[in-house]
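Summary of the model geometry
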Amino acid sequence: SQQGEEDPQALSIQEGENATMNCSYKTSINNLQWYRQNSGRGLVHLILIRSNEREKHSGRLRVTLDTSKKSSSLLITASRAADTASYFCATYRGGGSQGNLIFGKGTKLSVKP
Amino acid sequence: DSGVTQTPKHLITATGQRVTLRCSPRSGDLSVYWYQQSLDQGLQFLIQYYNGEERAKGNILERFSAQQFPDLHSELNLSSLELGDSALYFCASSVSWRGNQPQHFGDGTRLSIL
């Protein structure tokens, strides 16, 4: 079952513009993670934000988390053609004995040079 | 390079057959996860092992099984294959059994059922 839902499903922008992707989820979480997947490759971890954090930065990435709205956003600033990929949010609920993440269906980002 | 190795990269087989997918986790990681990625279902969690023990089960069919060996590599066995099993199968590893650490993904095995 899907926990996270990304929005939009696809996004096309010009190089240099900012890209914003949103993720909504259904249940309480321990943390939320963002991953990138280049075509035909495995997922690459970008950033992890814990439920008690509101904002996190990593290079050109900025992630926000609003637990009251059960939503997160990923902002990529000054995008480059190399940022073209699918981006997934994944949630970890915590508790229990398992450590698996629940992934959304992803946002496909296309950055045109 | 994530440090997670999956073999084979591609697998083409027929309905009714059985295949084994192999995963070597990143050095030092004790937890292994298997995920299935298809166009219609997205990325679905199948099963998790930690230090040789099964830790969690997700949407794994009874025809599928997995194990983690003492050297921490893992195998996913898929049997009585159906057309709908065609997908990308990913292995991921992490240090802890908890999901509060990043997971490191291999490049997957693309399984095609003819």
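Our subject is the structure that appears above.
Now for a description of the structure that goes with this document. (Residues numbered from 1 in each chain as written. Chains lettered and ligands numbered in written order. Predicted model: local features only at pLDDT ≥ 70, side-chain atom pairs only at ≥ 80, totals over all residues. Heavy atoms only, no water.)

Chain A puts 24 residues into the contact, and the matching count from chain B is 24 residues. When chain A packs against chain B, close to 1,800 Å² is buried across both sides, 48% of that on carbon and sulfur atoms. Where chain A touches chain B, the interface holds one salt bridge. For Arg41 of chain A, the salt bridge goes to Asp107 of chain B, with nearest N and O atoms at 3.0 Å. In this structure, the connection of chain A to chain B is made through nine residue pairs in polar contact (both at pLDDT 80 or more). (Contact = heavy atoms within 4.5 Å. Buried area = accessible area lost by both parts, 1.4 Å probe. Salt bridge = Lys/Arg side-chain N within 4 Å of Asp/Glu carboxyl O. Polar contact = N/O pair within 3.5 Å; in protein donor to acceptor, adjacent residues only side chain to side chain.)

Turning our eyes to something else, we now look at the sheet that holds strand E8 (residues 74–78) of chain B. All names here are of chain B. With antiparallel pairing, four strands are arranged side by side in an open sheet as E1-E3-E8-E7. Edge positions in the open sheet fall to strand E1 (5–7) and strand E7 (64–68), since each of these has one partner strand only. Strand-to-strand twist across the sheet, computed as the mean angle between neighbouring axes with direction ignored, equals 15°. Two strands pair when backbone bridges link them, and E1 and strand E3 (residues 19–24) are joined in this way by three bridges, in the antiparallel orientation. By the bridge assignment, Gln6 is partnered in E3 with Cys23. (Pairing = 2+ DSSP bridges. Helix = DSSP H or I, 4+ residues; strand = E, 2+ residues; numbered from the N terminus. Axes fitted to C-alpha atoms, helices over the stretch in contact; angles between N-to-C directions.)

One pass over the structure, following the stated rule, counts nine aromatic pairs over all chains. Look at Phe103 of chain A and Tyr35 of chain B: their rings are 5.5 Å apart centre to centre, the planes differ by 90°, and that puts the pair in the edge-to-face class. Residue Phe103 of chain A is located in strand E10 (residues 102–103), and its partner Tyr35 of chain B is located in strand E4 (residues 31–38); the two belong to separate chains. The exposure class assigned to Tyr35 of chain B is buried, which follows from its relative accessible area of 0%. Note on Phe103 of chain A and Phe105 of chain B: the rings are 6.1 Å apart at their centroids and 85° apart in plane angle, and the pair reads as edge-to-face. Of the two residues, Phe103 of chain A is situated in strand E10 and Phe105 of chain B in strand E10 (residues 104–105); the pairing between them involves two chains. For Phe105 of chain B, a relative accessible area of 2% translates into the label buried. Within the aromatic cluster, the residues linked to one another by ring pairs are Tyr35 and Phe103 of chain A together with Tyr33, Tyr35, Phe45, Phe90 and Phe105 of chain B. The ring of Trp97 of chain B has Arg55 of chain B lying over it, and the distance from NZ or CZ to the ring centre is 4.0 Å. (Phe/Tyr/Trp six-rings, centres within 6.5 Å; stacked < 30°, edge-to-face > 60°. Buried < 20%, exposed > 50% of the residue type's maximum accessible area, 1.4 Å probe, protein only. Lys NZ or Arg CZ within 6 Å of the ring centre and 35° of its normal.)

Let us now look at unusual backbone geometry. Here the bond from Asp7 of chain A into Pro8 of chain A is cis, since omega is 0°, no more than 30 degrees from zero. The topology assignment puts Pro8 of chain A in the loop between strand E1 (5–7) and strand E2 (10–14). Looking along the chain, the bond that leaves Thr7 of chain B and enters Pro8 of chain B is cis, with omega of -10°. Tracing the backbone shows Pro8 of chain B in the loop between E1 and strand E2 (10–13). Positive phi outside glycine occurs at Ser80 of chain B, with the angle close to 45°. Relative to the helices and strands, Ser80 of chain B resides in the loop between E8 and strand E9 (87–94). Look at Ser80 of chain B and you get partly exposed, because its relative accessible area is 42%.

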